[in-house]
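Residue strings, one per chain:
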Amino acid sequence: VQLQASGGGLVQAGGSLRLSCAASGGTFSNYGMGWFRQAPGKEREFVAGISWSGWSVYYADSVKGRFTISRDNAKNTVYLQMNSLKPEDTAVYYCAADRVVRRMVVADTTIQYNYWGQGTLVTVSS
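K.L.:
Any chance you could break down the state of the cysteines for me, citing the residues and the numbers?
P.N.:
Enumeration according to the criterion identifies one disulfide in this entry. Here Cys 21 pairs with Cys 95 through a disulfide, and the sulfurs are 2.1 Å apart. On the sign convention where negative means left-handed, the S-S torsion of about 60° between Cys 21 and Cys 95 marks this disulfide as right-handed. Pair noted here: Cys 21 is in strand S3 (residues 17-24) and Cys 95 is in strand S9 (residues 91-101), with a separation of 74 residues, a long-range link. There is no split in this pair, since Cys 21 and Cys 95 are both buried.

K.L.:
Talk me through the environment of Arg 103; I want residue IDs and the actual numbers.
P.N.:
For Arg 103, the position within the fold is in the loop between S9 and strand S10 (113-116). Considering only alpha carbons, one finds Arg 103 and Ser 53, 50 residues apart in sequence, at a separation of 9.7 Å. Once residues within four sequence positions are removed from consideration, Arg 103 is found in contact with Trp 52, Asp 98 and Gln 112. There is a polar contact of 2.7 Å between the side chain of Arg 103 and the side chain of Asp 98.

K.L.:
Could you give an account of unusual backbone geometry, with specific residues and numbers?
P.N.:
Phi is positive for Ser 84, which is not a glycine, with a value near 50°. When you line up the elements, Ser 84 lands in the loop between strand S8 (77-82) and S9. A positive phi angle is found at Arg 102, which is not glycine, with a value near 55°. Relative to the assigned elements, Arg 102 resides in the loop between S9 and S10. Judged by its relative accessible area of 43%, Arg 102 is partly exposed.

K.L.:
Describe the nonpolar core, with residues and values.
P.N.:
Nonpolar side chains in soluble globular proteins tend to end up buried together. Formed by 34 residues in total, the largest nonpolar core has its most connected members in Trp 35, Leu 80, Met 82 and Tyr 93. Secondary structure elements with two or more residues in this core: strand S1 (2-6), S3, strand S4 (31-38), strand S5 (45-50), strand S7 (67-72), S8, S9 and strand S11 (120-125). At five residues, the largest contribution of residues to this core is made by S9. With near-sequence residues (within four places) excluded, Leu 80 lies in contact with Leu 17, Arg 18, Leu 19, Trp 35, Val 47, Ala 48, Phe 67, Thr 68, Ile 69 and Tyr 93.

K.L.:
Describe the packing of aromatic side chains, and please don't skip the residues or the numbers.
P.N.:
Per the stated rule, a full pass over the model turns up six aromatic pairs. Considering the side-chain rings of Tyr 31 and Tyr 115, the 6.3 Å spacing of their centres and the 80° angle between planes classify their relative orientation as edge-to-face. Within this pair, whereas Tyr 31 is found in strand S4, its partner Tyr 115 is found in strand S10, the two being separated by 84 residues in sequence. Classification of Tyr 31 by relative accessible area gives buried; the value is 15%. On the basis of relative accessible area, Tyr 115 is assigned to the partly exposed category, the value being 26%. Three or more aromatic residues link up through ring pairs in this structure, and these residues are Phe 36, Phe 46, Tyr 58, Tyr 113 and Trp 116. Positioned above the aromatic ring of Trp 52, the side-chain terminus of Arg 102 is 4.3 Å from the ring centre.

Procedures and definitions
Residues numbered from 1 in each chain as written. Predicted model: local features only at pLDDT ≥ 70, side-chain atom pairs only at ≥ 80, totals over all residues. Heavy atoms only, no water. Disulfide = S-S within 2.5 Å. Helix = DSSP H or I, 4+ residues; strand = E, 2+ residues; numbered from the N terminus. Buried < 20%, exposed > 50% of the residue type's maximum accessible area, 1.4 Å probe, protein only. Contact = heavy atoms within 4.5 Å. Polar contact = N/O pair within 3.5 Å; in protein donor to acceptor, adjacent residues only side chain to side chain. Core = buried A, V, L, I, M, F, W, Y, C linked by side-chain atoms within 4.5 Å. Phe/Tyr/Trp six-rings, centres within 6.5 Å; stacked < 30°, edge-to-face > 60°. Lys NZ or Arg CZ within 6 Å of the ring centre and 35° of its normal.

Function-wise, these values are silent; they only describe arrangement.
Put into C-alpha cells, the structure is as follows:
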C-alpha cells in the first residue's frame, strides 16, 4: 500500500484545514487508517483513526471535538478535517494504514501501522 498525504499549509489560530491521504497498491477498504503527527523534538503521536468499515472512529483527547476523520472507500482516500486549530497543532501529519486486515477496533499506536505516507506540514500561527 502506498500513501500520499496532502493538504497541509500555514493557517492562523482558529482556522481550518483539510488533510487528504490517497492510497494505492492495495485493497484500501480492508484497512483501518490513522493520522499521526510529529512536532519538532517530540515523538510521533496518534491523532485520529477510523476502522476499515468507517463505522468506528477514535480521537486523541487533544483533538476531540475539533478534528474529524472520515474515509471514502470508493476514492481510496482518508480525510482529516481540522477545525479550531491551535499553535500546538503545528506538526508534520502522517497518514498510515493498519498492518492487520479488517481489525475490529481502531488502532492507536504506531506499531499497529506498517504503511506510512510521506507527511504533510501543518503550521498554525498565533
